[in-house]
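# Understanding the architecture of this molecule
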Amino acid sequence: MIVVMKAGAAKKERDAVTRRIKELGYTPHIIHGTTRDVIGAVGDERGKSVLQTLESMQGVESVVPILQPYKLASKEVKKEASIVRISDTLAIGGKELVVMAGPCSVENEEQIIESAIAVKAAGAQMLRGGAFKPRTSPYSFQGLEEEGLKLLAKARETTGLPFVTEVIDPDSVDLVASYSDMLQIGARNSQNFALLKKVGQIDKPILLKRGMSMTIQEFLMSAEYIMSEGNQSVILCERGIRTFETATRNTLDLSAIPVLKSKTHLPVVIDPSHGTGNYRYIAPMSFAAVAAGADGLIIEVHPDPEKASSDGPQSLKPKKFQALMDKLRLFAEAADKTLGA
Ligand code: PEP
Ligand code: MN
C-alpha cells in the first residue's frame, strides 16, 4: 500500500504513520517527493487491507494499493526518476550519461592500470573489472579474488575512477563492499535471493544485471528483493537475453529501456558487450541504447583482447573504445544527456 501524505504534512504526523505501519506488522519506506512525501508500506500481501485504516490519521491524504507485485521499484510509489549516487561527483540516472569500462576480468596489475588509464583518457567515468568470476566451466579462470580487488583499488588510486565489480556469493559481500564503489550482481545470480537480500543490507549502490531468461517482471522483482531490505540504490542492467538466435552471444533487448522506464523509477544501463559477444557490434548497440534513453553503458575494454583471460572476442581495444566515445557524445546530446566536457 502507498500512504500519500498531504502536501505540507508535519514530520510528527509522518512519524506517527510510520509507527502505526510497524505496529500493524508492515515495513514503512519513506519516499520524499518534490511536493509531498509518500510512505510505502510493504509486507504480507494478505491482510494488507488493515492499512486502509491509516486514512483517518492526521496528515494522511489517501491510502492506495500498489497494483504491481514489485512495490518499491514501481513508478506507482515514486514517479520521478531515481538518481543513484556513486561518489561526490558522480551519479547515475540524472542528466549525465555514465560510461563504465574496463576488462572482463582483472588479470594483473599492469593490465588493470593500463585499462583504467585508457578508459579514463577516452572519457569513461567508471572502471569495471571482475575479481570474482562466475564462469560456465569450473576449469576456466575464476578471477584473482581479493588480490583483484586490491588491484582495482590501486587503479582507482592511480586514475581517480570509482569501480564496479561483481560479487558472487553472500559470504563475500562485505569483503567486496569494503573495496568497491558499486557491486554488480551478474546475470547468473540475478535470482540468487540470498545474495540479493544480503546486498540489500549494505550501503553501496548495486548494478543488477538481467538474467538470461528473465522477464521484465522477474527482473523488477529481483530489484525489489534488494530494496525491500533497505538498499534503494539499485541500477538495472540489460545485458542480453537467450533467444533462438546464434549469430550473437545473446539478444540485446533494447526495448527493455522504454519498457523499464515506463514501470520503474530506477536507472537503466546497457551492456552491449555481453549483449552481443562481438566487439564489432558494440558501437552501434551503444549508440542505439543511448538514443533509446539509457542512463549509462558498461563496456568491456582490454589492452590486448587476444590475450584476455575471459571475453576477449567482445572486448574493445582502447583505440576503438576512444572512437566509440567520440561519436557517442553526439548521440548523448541528441538524447538530452551530457557526456564529459
Ligand atoms: C561480466 O560483467 O563480466 C559478466 C559476467 O556479466 P553477466 O553477468 O552479464 O554475464
Ligand atoms: Mn565478461
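Residues numbered from 1 in each chain as written. Chains lettered and ligands numbered in written order. Predicted model: local features only at pLDDT ≥ 70, side-chain atom pairs only at ≥ 80, totals over all residues. Heavy atoms only, no water.

The next thing to look at is the overall build of the chain. Each helix and strand counted, the chain has 10 helices and 14 strands in total. In terms of overall size, the chain behaves like a compact globule, its C-alpha atoms giving a radius of gyration of 21 Å where 341 residues would be expected to give roughly 20 Å. Taken along the three principal axes of its C-alpha coordinates, the chain extends 65 × 45 × 45 Å. Looking at the 341 residues of the chain, the share that counts as buried comes to 53%. Counting only contacts in the chain whose residues sit at least 6 apart along the sequence, the fraction spanning at least 24 positions is 67%. Surface accessibility of the chain: about 14,700 Å² in total, with carbon and sulfur atoms responsible for 52%. The averaged location of the 41 negative side-chain charges in the chain is 3 Å from the averaged location of its 42 positive side-chain charges. (Helix = DSSP H or I, 4+ residues; strand = E, 2+ residues; numbered from the N terminus. Rg over C-alpha atoms; globule rule 2.2 N^0.38 Å. Buried < 20%, exposed > 50% of the residue type's maximum accessible area, 1.4 Å probe, protein only. Contact = heavy atoms within 4.5 Å. Areas by Shrake-Rupley, 256 points an atom, 1.4 Å probe, with all protein chains shown as cover. Lys, Arg positive; Asp, Glu negative; His and termini not counted. Charge placed at Lys NZ, Arg CZ, Asp CG, Glu CD.)

This part covers the site of ligand 1. If you check the shell around ligand 1, you find Cys104, Arg128, Lys133, Glu166, Gln184, Gly186, Ala187, Arg188, Lys209, Arg239, His274 and Glu300 and nothing else. Take His274: an N or O atom from its side chain is 3.2 Å from an oxygen atom of ligand 1. When isolated, ligand 1 has an accessible area of 290 Å², and the protein chains bury 97% of it. (Near = heavy atom within 4 Å. Polar contact = N/O pair within 3.5 Å; in protein donor to acceptor, adjacent residues only side chain to side chain.)

A few words on the UniProt feature "domain: DAHP synthetase I/KDSA" (unreviewed entry) in the chain. Listed under "domain: DAHP synthetase I/KDSA" (unreviewed entry) in the UniProt record, and renumbered for this structure, are residues 89-325. This span, residues 89-325, is 36% helix and 15% strand, and a straight line between its end C-alpha atoms measures 20 Å. (UniProt positions renumbered as here; feature names shortened; annotations may be inferred.)

Spatially, β2-β3-β1-β4 is the arrangement adopted by the four strands of the open sheet, whose pairing is antiparallel. In this open sheet, the two strands that pair with only one neighbour each are β2 (27-32) and β4 (60-64). Taken pair by pair, the neighbouring strands of this sheet meet at an average axis angle of 20°, ignoring direction. Across four bridges, strand β1 (residues 2-5) lies against β4 in antiparallel orientation. (Pairing = 2+ DSSP bridges. Axes fitted to C-alpha atoms, helices over the stretch in contact; angles between N-to-C directions.)

Within this structure, the stated rule accounts for one cavity of 30 Å³ or more. Quantified by volume, the largest cavity comes out at close to 40 Å³. Lining the largest cavity, in full, are Arg128, Gly129, Gly130, Lys133, Val164, Thr165, Glu166, Gln184 and Ile298. When residues of the lining of the largest cavity are assigned to their parent elements, the largest contribution, three residues, is made by strand β9 (residues 163-166). Residues belonging to the lining of the largest cavity are distributed by class as follows: two nonpolar, four polar and three charged. (1 Å grid on protein atoms, 1.4 Å probe; cavity = no way out; pocket = protein on both sides within 12 Å on 5 of 7 lines; lining within 4 Å. Points joined across faces, edges and corners; volume = space filled by probe spheres on them. Nonpolar A, V, L, I, M, F, W, Y, C, P; charged D, E, K, R; others polar.)

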